[in-house]
Amino acid sequence: MSDPSRLRLAIASGVALLVATSAVAAPPPAAGKAPPLTVDIPFEQFTLPNGLRVIVHTDRKAPIVAVNLWYHVGSKNEPRGRSGFAHLFEHLMFQESENHKGEYFEPFELVGATDQNGTTNSDRTNYFENVPTTALDTALWMESDRMGHLLGAINQAVLDEQRGVVQNEKRQNENQPYGRAYTLIREAMYPEDHPYHHTTIGSMADLNAAKLDDVKNWFRSWYGPNNAVLVLAGDIDVATAKDKVTRFFGDIAPTASLAKLAPRVVTTMAAKRMTVTDNVPQTRLYKVWHVPPYGSADSDYADVLSFILGRSQASRLAQRLTFKDKLADRVFIQHGDEEIAGTFGIVVDVKAGVEPATVEAALDDEVKQMIARGPTADEVEQARTAIMAGVIRGAERIGGFGGKADTLAECQVFAGNAGCYREQLARIQKVTPAQLRAFAARWLSKNAFTLQVAPGERTPADEPPTVADLPPTTVAPPAKGLKALATGVDRSTGVPIADKFPELRFPALTRATLSNGLKVVLAERRGLPVVQMSMEFLHAGSASDQGVKSGTATMALAMLDEGAGAYDALAYAARKSVLGATIRTGAAPDLARVLLSAMSSRLDDSLALFADVILRPRLDPADFERVRGRQLSAIKQEKAQPIALGRRLLPTVLFPANHPYALPSSGTEQGVAALSRDDLQRWLATWLRPDNATLIVVGDTSLAELTPKLEKAFAGWKAPAAALPAPALPAARPPAKPRVFLVDQPGAIQASLFVGQLVPSTLDPGALDFDLSNGVLGGDFSARINMNLREDKHWSYGASSGVRDQLGPRVWVAAAPVQIDKAAESAAEMRREIVDYVTGKAPAKPAELTRLQSVQTKTLPGAYETADTVLGTVSGLVLYHRPDDYPQQRASHVNALTLDALKRAAAAVQPTALTWVIVGDLKKIEQPIRALNLGELKILDPDGKIVR
């Protein structure tokens, strides 16, 4: 996948868009002095004679090893006319290699890999996976085989296949609302000869023009051990690492060494403006400045200032634009923290009916005030604490996106020092208001690029043609002074597959009941100084909207996070930051949650705030109106995004209108507009009571330590005399014949296909087998639908199917965004795959059963690496009345699964009861879809109403 953003030290910098809201209030009461938050990732390192740099971090908490391989090759290194090569090669390297015939993922599925993926950005390409300790040889053999033995497996057919996949990834990104903004910003911010002028994914013309020899020469030049850093983190030591890495990678010859580019920050750009129209629900305003690159002090200052300006509920811009002046629904901050240049951007969703110029004037005024006076000491402390708390939470993960292995690899690749994060954190810990004011004066007083994306007709992409008469590529000469070693690895025997695997270690659970009847379930996990909690209220999810106004549950839960007890909205947000705590709310159909993540050293104060949220929400009228506007905007955004719209509409057409599951979880515009503060108070009084709650806790505490704290925090919370409601979740009849619903998305370059059916509840005895049977059809990368539409036909970037747990009937759905000119063909292939499988015409094969069993069981030692996954599993134990050893029982059931059991379970999907929802440009897809005769066809509007 392309990766235009970078997650660094879990600070959430890069260009990831972070939603922030706020309210005005007095400063919070002073927090008790707590010890400073710190984090360290100890490591050892060595370098092979061929130049491969290896970093080792030992963490024995789980029997897994994170393997993270970074190539210092990104889109900035691509020559003119060959944009997209680095990202295209990321995809090609997920294909077979010379000594492994078949999809790259196949051996990893057999050994239980988790968190496996690859990304490319302007500066590097990386590949990563977590594997059970006993399967480390599998991972190292595979990574080394594609580094040293790839080109013989790349032919024209493979190139054409992955070129098509990449082009559909590009279409999928650009088909979203505001989907071309990033491209427009890159092109405007950087001159044509700058390495960051073009996007990582490249242009369609350059991708089409890529020749096999050019692609191979690109690999021969740069993808060698001397341009790579390998991080091994987890259940590993440096001696074992050195032995294994030398054996598998030592015989790979070095390539040319890619020269490190000097920083190239643009300092002479004139102010620029651009306005485009798109199929968007509201105007979005972008203002972007140039700033220094990764590794500089100013880059770290940008992280802190981004928090103060727009990344917290108490941020300057959120206060001004969303609360005080009521000009915007959301504020985002973008810090593009890249190797040779950076960007700092502010993004605002303009409230309907507000002139964008008014918003821009207010935004400019806040920036000018920051330049003139800088932040306050309290603002800096809040930002510093929140950032450090985020770093600590990120350190729970050894691998995957933003884990410890990523942090070490990034530092080594870009700074030449795997411990550079220590300097970055030290700067953040010591930064002063004066330094941040000076940073703002240096960089945010310069000319900016302003982009306005307004509602209207979609502006088609206008990409230049590829460069004519490009000279043939050549292979850069290999680096001198490096050499390969003879290691004696016999690759003709194929990839080594482990035959022994670690046992599942799910934490023991302890329980207590507070004096008010609140049930507590604890999974104690030491090592990380964090405690996570989820207060879960049964039947209080989005299904509770039935009989009241649509959106009630979502709005009520959102208001819990907008001020509580003595803290109004702004004071509450500041208090969370000072404590390094996060409090979130959310709703599934059957369940409402209020979640706390607290630093162990600040648990008492964080728990007091958490109790205020649940027991003493303020529901201030001004905040209610602000949150209502934000929710209405979110619904409009949901309806404008084709994938979100399809998932929103499918339950409404599968369930009868009066069924609790027929309602969109975010609500309808009519329902949310009609809500009153009294409606929310009644809902909260009905559902948020201790006899309807279970508190699930995972982390750095014991029941003996925690119970007194909970008794104190929740003293006075009593169950009311009124009986709890008993919601009905009736079965829903499948339709008598197949149906098709089309939704128009003018100008779409993809069609989003959804096909679904109702299946029995999670409580049904056959539910587990059905869920497992889905794994063959669409449950993971190697499942049939994805292999067909992505890998075989390359009409889609990805296709899948699945079903989520529910107390009542569940929605099984298969989904695929596909290129618009292949919508009908893709729907036909999806129908064929589904019908052939569920009717038994093409039942599961023995190899598919083996793969399914491996994916479902051998991944378990790594699946419970984080507190979040443990918390989610415990929540399922409580909600579905499962025994504490359910994870082990489930694994045993999976291992005993048979082909006949899969065949019987798959038959729950009935070809005559399938319902399709397809979102796309009707001018291009309606007639071809009609010709398929998938079922009775109707046209819906985005609200689900029949148009014709």
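Heads up: the structure comes first, above all this text.
Residues numbered from 1 in each chain as written. Predicted model: local features only at pLDDT ≥ 70, side-chain atom pairs only at ≥ 80, totals over all residues. Heavy atoms only, no water.

1. Considering the overall build of the chain
Quick note on the threshold: Elements are defined by DSSP. Helices are runs of H or I of four residues or more, strands are runs of E of two residues or more, and each kind is numbered from the N terminus. Radius of gyration: C-alpha atoms only; globule rule: 2.2 Å multiplied by the number of residues to the exponent 0.38. In this analysis, two residues are considered to be in contact whenever any of their non-hydrogen atoms come within 4.5 Å of each other. A residue counts as positive if it is Lys or Arg and as negative if it is Asp or Glu; His and the chain ends are not included. To locate a charge, take NZ of a lysine, CZ of an arginine, CG of an aspartate or CD of a glutamate.
Regarding its fold elements, the chain presents 32 helices and 23 strands. The globule rule puts the C-alpha radius of gyration for 948 residues at 30 Å, and the 27 Å found for the chain is close to it. Its C-alpha atoms give the chain principal-axis dimensions of roughly 80 × 70 × 60 Å. Summarising the internal contacts of the chain: among those between residues at least 6 apart in sequence, 84% fall at separations of at least 24. Looking at charge distribution, the chain has the averaged site of its 104 positive side-chain charges lying 2 Å from that of its 105 negative ones.

2. Considering the sheet that holds strand 2 (residues 53–58)
So the rule is basically this: Two strands pair under a simple rule: DSSP has to find at least two bridges between them. Here an axis means a line fitted to C-alpha atoms, over the contact stretch when the element is a helix, while the angle between two N-to-C directions is reported on a 0 to 180 degree scale.
Here six strands make up an open sheet; going across it, the order is 1-2-6-3-5-4 and the pairing mixed. Where the open sheet ends on each side, the last strands, each with one partner, are strand 1 (44–47) and strand 4 (114–120). In this sheet, neighbouring strand axes are inclined to one another by 15 degrees on average, regardless of whether the strands run parallel or antiparallel. Sheet analysis places strand 4 next to strand 5 (residues 125–132), joined by five bridges and oriented antiparallel. By the bridge assignment for strand 5, Thr 120 is matched with Thr 125. Relative to strand 4, helix 1 (residues 85–92) is tilted by about 150 degrees, and along the sheet it contacts strand 4 and strand 5. Against the sheet, helix 8 (residues 238–249) touches strand 1, strand 2 and strand 6 (228–234), its axis set at about 25 degrees to strand 1.

3. Regarding unusual backbone geometry
Most peptide bonds are trans, and most residues other than glycine sit at a negative phi. The condition that has to hold: Exposure is judged per residue with a 1.4 Å probe applied to protein chains only, and the accessible area is read against the type maximum: over 50% gives exposed, under 20% gives buried, and values in between give partly exposed.
Phi at Tyr 178 takes a positive value of approximately 65 degrees, unusual for a residue other than glycine. Judged by its relative accessible area of 7%, Tyr 178 falls in the buried class. Despite not being glycine, His 794 shows a phi value in the positive range, around 45 degrees. Counting through the fold element by element, His 794 comes out in the loop between helix 25 (784–792) and strand 20 (800–803).

4. Looking at the environment of Lys 519
By the secondary structure assignment, Lys 519 is in strand 13 (residues 519–524). Taking the relative accessible area as the measure of exposure, Lys 519 reaches 39% and is therefore partly exposed. Lys 519 sits 92 residues away from Ala 611 along the chain, and the two C-alpha atoms are 15 Å apart. Those residues in contact with Lys 519 that sit more than four places away from it in its chain are Ala 512, Thr 513, Ala 693, Thr 694 and Leu 695.

5. A short note on helix 15 (residues 433–443)
The condition is simple: The directions considered for the arc are those from the helix axis to the C-beta atoms.
For helix 15, every residue scored as buried is listed here: Leu 436, Phe 439, Ala 440 and Trp 443. Taken around the axis of helix 15, the buried residues stretch over an arc of 95 degrees, which confines them to a single face.

6. Overview of the packing of aromatic side chains
Here is the rule: The rule is short: rings of Phe, Tyr and Trp, with Trp giving its six-membered ring, pair when the centres are within 6.5 Å, and they are stacked under 30 degrees, edge-to-face over 60, tilted in between. For a Lys NZ or an Arg CZ to count as sitting over a ring, it must be within 6 Å of the ring centre and within 35 degrees of the ring normal.
Under the defined criterion, the tally for this structure stands at 22 aromatic pairs. Ring centres of Phe 89 and Tyr 223 lie 5.3 Å apart, and the angle between their planes is 25 degrees; on these two criteria the pair is classed as stacked. Remark: Tyr 223 occurs in the loop between helix 7 (212–222) and strand 6 and Phe 89 occurs in helix 1; sequence separation between them is 134 residues. Under the relative-accessibility criterion, Phe 89 is labelled buried at 1%. Measuring from ring centre to ring centre gives 6.4 Å for Phe 610 and Phe 714, while their planes differ by 85 degrees; the resulting arrangement is edge-to-face. You can see Phe 610 sitting in helix 18 (residues 603–615) and its partner Phe 714 sitting in the loop between helix 23 (703–713) and strand 18 (739–744), a full 104 residues away along the chain. In this structure, Phe 610 and Phe 714 share a single accessibility class: buried. One aromatic cluster is present, built from ring pairs that chain together Tyr 71, Phe 85, Phe 89, Phe 94, Tyr 104, Phe 105, Phe 108, Tyr 127, Trp 218, Phe 219, Tyr 223 and Phe 781. Here the guanidinium or amino end of Arg 146 rests over the ring plane of Tyr 127, the centre of that ring lying 3.8 Å away. Over the ring of Trp 141 we find Arg 491, and its NZ or CZ is 5.3 Å from the ring centre.

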